[in-house]
Amino acid sequence: MDQRPTTQARDPGRAGDLRIAPSLLSADFGMLAEQVGEVAPAADWLHVDVMDGHFVPNVTIGPPVVASLRRHTPLFFDCHLMMTDPDRYLGDFASAGADGCTVHVEVGRTDELIAQMRALGLRAGLALNPDTPFEAVRPYLRQVDLVLCMTVFPGFGGQSFIADVMPKVTQVRAAVEEGSLPVDIEVDGGIDITTAPTAASAGANVLVAGTAIFGHERPWDAAEAIRSAARDAPPR
Ligand code: DX5
Ligand code: ZN
């Protein structure tokens, strides 16, 4: 597929602002456009989970689905690539209309992957599994737009939030503030109205939620409830 950057970048918002990113993983895949349309007024970004059956044991969706959804919504697409070889697909995601891509630091070749995302006009994110330490991302903080601290081991929706990740979130926040860096800090996994305030207090500002939003009969209300809970979180 074509490797040219997309011409129309959607506004990601200001780094550090609270954002709610519903995760498509828990939506009804038979009616994705409708589900996205329903939740869009209450969402800032749409989180798109891409699993390759290798880096994680599950397989989900790829660039053709992103391209189809692109025609139905102007939402910012935050693509989380749980893949061993993201370099083979980044161009396809950019062409399909992804706005930001996040690759895992555990797959290595991080400098090259960040350079590739930049060349494609993508916002660049770096994800860490729950047991990957802050030190793994520290050298790249000046090169990325987003750090994703996984609050579950990637691969499946509906898992329980791992609170032990919170000190790492706080470490990332402290480093970002110390350097006055325009970097968003995202958490993903087990986020709901109870855990969102915990994550926000620790320093996260982009909250991904799948089950808590699309598992709710009124997904837009669930997204707003998570936003309110995070907004009311006590400061660190
Ligand atoms: C997990 C995915 C998450 C997942 C979160 O591998 O990266 O984005 O959709 O789902 P919940 O909110 O159900 O934990
Ligand atoms: Zn995700």
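To start, this report covers the structure provided alongside it.

Rules used throughout
Residues numbered from 1 in each chain as written. Chains lettered and ligands numbered in written order. Predicted model: local features only at pLDDT ≥ 70, side-chain atom pairs only at ≥ 80, totals over all residues. Heavy atoms only, no water. Helix = DSSP H or I, 4+ residues; strand = E, 2+ residues; numbered from the N terminus. Rg over C-alpha atoms; globule rule 2.2 N^0.38 Å. Contact = heavy atoms within 4.5 Å. Areas by Shrake-Rupley, 256 points an atom, 1.4 Å probe, with all protein chains shown as cover. Near = heavy atom within 4 Å. Polar contact = N/O pair within 3.5 Å; in protein donor to acceptor, adjacent residues only side chain to side chain. Nonpolar A, V, L, I, M, F, W, Y, C, P; charged D, E, K, R; others polar. Salt bridge = Lys/Arg side-chain N within 4 Å of Asp/Glu carboxyl O. Buried < 20%, exposed > 50% of the residue type's maximum accessible area, 1.4 Å probe, protein only. Pairing = 2+ DSSP bridges. Phe/Tyr/Trp six-rings, centres within 6.5 Å; stacked < 30°, edge-to-face > 60°. Lys NZ or Arg CZ within 6 Å of the ring centre and 35° of its normal. Axes fitted to C-alpha atoms, helices over the stretch in contact; angles between N-to-C directions. Donors = N, O, S within 2.8 Å, 3.2 Å for Na, K, Ca; no water. Tetrahedral: all angles 85-135°; square planar, octahedral: opposite > 155°, others 65-115°. Expected span 1.5 Å × (residues − 1). Arc of directions from axis to C-beta.

### Topic: the overall build of the protein chain
No. 1: Per the secondary structure count, the protein chain includes 8 helices and 8 strands.
No. 2: Rg of the C-alpha trace for the protein chain: 16 Å, near the compact-globule value of 18 Å for 236 residues, within the 12% margin.
No. 3: Dimensions of the protein chain, computed from the C-alpha atoms along their principal axes, are close to 45 × 40 × 35 Å.
No. 4: In the protein chain, of all internal contacts separated by at least 6 residues, the share reaching a separation of at least 24 is 65%.
No. 5: Accessible surface for the protein chain amounts to roughly 10,000 Å². Of this, 51% is attributable to carbon and sulfur atoms.

### Section: the site of ligand 1
No. 1: Near ligand 1 you find 20 residues, and of these Ser23, Asp49, Asp188, Gly210 and Thr211 are the closest.
No. 2: Contacts to ligand 1 include Asp49, whose side-chain N or O atom sits 2.6 Å from an oxygen atom.
No. 3: In isolation ligand 1 offers 380 Å² of accessible surface; the protein chains occlude 99% of this area.
No. 4: Residue assignment for the shell around ligand 1 shows that the elements contributing at least two residues are strand 2 (45-51), strand 3 (76-82) and strand 8 (206-209).
No. 5: It is strand 2 that provides the largest number of residues to the shell around ligand 1, a total of 3 residues.
No. 6: When the residues that make up the shell around ligand 1 are grouped by side-chain class, the tally is 8 nonpolar, 10 polar and 2 charged.

### A few points about the pattern of salt bridges
No. 1: On inspection of all chains with the given rule, the structure shows 12 salt bridges.
No. 2: Residues Arg19 and Asp184 are paired through a salt bridge, measuring 3.1 Å at the closest nitrogen-oxygen approach. Of this pair, Arg19 sits in strand 1 (residues 19-22) while Asp184 sits in strand 7 (residues 184-188), and the two are 165 residues apart along the sequence.
No. 3: Taken together, the shared-partner salt bridges connect Arg10, Arg70 and Asp99 into one network.

### A look at the pairing of strand 1
Each regular strand displays side chains that alternate between the two surfaces of the sheet.
No. 1: Residues Arg19 and Ala21 line one face of strand 1 and the alternating positions Ile20 and Pro22 line the opposite face, and both faces are buried.
No. 2: In this sheet, strand 8 lies alongside strand 1 in parallel orientation, the contact comprising 4 bridges. Counterpart to Arg19 in the pairing with strand 8 is Val206.

### Points about the packing of aromatic side chains
No. 1: According to the stated counting rule, one finds 1 aromatic pair in the structure shown.
No. 2: Sitting over the face of the ring of Phe77, Arg70 holds its NZ or CZ atom 3.7 Å from the ring centroid.

### Overview of the sheet that holds strand 4 (residues 100-104)
No. 1: Spatial ordering of the open sheet is given by 1-8-7-6-5-4-3-2, a layout of 8 strands whose pairing is parallel. The two strands at the open ends of the sheet, each matched to only one other strand, are strand 1 and strand 2. Between one strand axis and the next, the sheet turns by 25° as a mean value, whatever way the strands run.
No. 2: Along the sheet, helix 4 (residues 110-119) contacts strand 4 and strand 5 (123-128); its crossing angle with strand 5, the most-contacted strand, is approximately 150°.

### Focus: the coordination of the zinc ion (ligand 2)
Working reference: metal with six octahedral donors, ideal angles 90 or 180 degrees; metal with four tetrahedral donors, ideal angle 109.5 degrees.
No. 1: For the zinc ion (ligand 2), the protein coordination sphere consists of His47 (NE2), Asp49 (OD), His80 (ND1) and Asp188 (OD), at 2.0 to 2.3 Å.
No. 2: Classification of the site at the zinc ion (ligand 2) as octahedral follows from its 6 donor atoms and the range of 69 to 169° in their angles at the metal.
No. 3: Of the residues examined, Asp49 reaches a relative accessible area of 6% and is grouped as buried.

### Structural notes on unusual backbone geometry
No. 1: Phi at Arg109 is positive, roughly 50°, even though this residue is not glycine.
No. 2: Here Arg109 is to be found in the loop between strand 4 and helix 4.
No. 3: In this model, Ser180 sits at a positive phi of 50°, which is unusual for a non-glycine residue.

### A look at helix 8 (residues 219-231)
No. 1: Given a rise of 1.5 Å per residue, 13 residues ought to cover 18 Å, and the 18 Å separating the end C-alpha atoms of helix 8 matches this to within 8%.
No. 2: The complete set of buried residues in helix 8 reads Pro219, Ala222, Ala223, Ile226, Arg227, Ala229 and Ala230. The buried residues of helix 8 all sit within an arc of 165° when viewed along its axis, so they share a single face.
No. 3: Turning to helix 8, the residues buried within the fold contact strand 1, helix 1 (32-39), helix 6 (195-202), strand 8 and helix 7 (211-214).

### A word on the pairing of strand 2
No. 1: Within strand 2, 7 of the 7 residues are buried, leaving the element largely enclosed by the surrounding structure.
No. 2: By the bridge criterion, 7 bridges tie strand 2 to strand 3 in an arrangement that is parallel. Each bridged residue has a counterpart across the sheet, and for Leu46 the counterpart in strand 3 is Phe77.

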